[in-house]
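Structure at a glance
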Amino acid sequence: MELIINGEKEMIQADTLLDVVTHYQLEKHLVVTEVDGEIIDRDSWAETKVEEGMKIELVHFVGGG
């Protein structure tokens, strides 16, 4: 399905927001997600269904100095 991830159109096989995060192989405890302008709690990712054209923002925190 086509989703808009961080402003870019992407074709991804996903049913839930957790599938999207897993697709990008991100460390779940370091990611904040937003779907269509609403921040989604990590505990709700598996229940949050994704649909064609949804706008998803993934913010991945990285350490460094």
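Because the structure is predicted, anything quoted here is derived from the model rather than measured.

Of the regular secondary structure elements, the protein chain holds one helix and five strands. Counted from the first residue to the last, the protein chain has its helices and strands arranged as β-β-α-β-β-β. In terms of overall size, the protein chain behaves like a compact globule, its C-alpha atoms giving a radius of gyration of 11 Å where 65 residues would be expected to give roughly 11 Å. When the backbone C-alpha atoms are referred to their principal axes, the protein chain occupies close to 40 × 25 × 20 Å. Counting every position in the protein chain, which comprises 65 residues, the buried fraction comes to 29%. Counting only contacts in the protein chain whose residues sit at least 6 apart along the sequence, the fraction spanning at least 24 positions is 54%. Carbon and sulfur atoms make up 48% of the accessible area of the protein chain, which totals about 4400 Å². One finds the centroid of the 5 positive side-chain charges in the protein chain at a distance of 1 Å from the centroid of its 15 negative side-chain charges.

A cluster of nonpolar residues, V32, I39, V59 and F61, forms a patch on the protein surface that exposes about 360 Å² of accessible area. Inspection of the secondary structure assignment puts V32 in strand β3 (residues 31-35).

Cut-offs applied
Residues numbered from 1 in each chain as written. Predicted model: local features only at pLDDT ≥ 70, side-chain atom pairs only at ≥ 80, totals over all residues. Heavy atoms only, no water. Helix = DSSP H or I, 4+ residues; strand = E, 2+ residues; numbered from the N terminus. Rg over C-alpha atoms; globule rule 2.2 N^0.38 Å. Buried < 20%, exposed > 50% of the residue type's maximum accessible area, 1.4 Å probe, protein only. Contact = heavy atoms within 4.5 Å. Areas by Shrake-Rupley, 256 points an atom, 1.4 Å probe, with all protein chains shown as cover. Lys, Arg positive; Asp, Glu negative; His and termini not counted. Charge placed at Lys NZ, Arg CZ, Asp CG, Glu CD. Patch = residues over 30% accessible without salt bridge, like charges linked within 9 Å, V, L, I, M, F, W, Y side chains within 5 Å. Salt bridge = Lys/Arg side-chain N within 4 Å of Asp/Glu carboxyl O.

So far we have only geometry, and geometry alone does not tell us how the molecule works.
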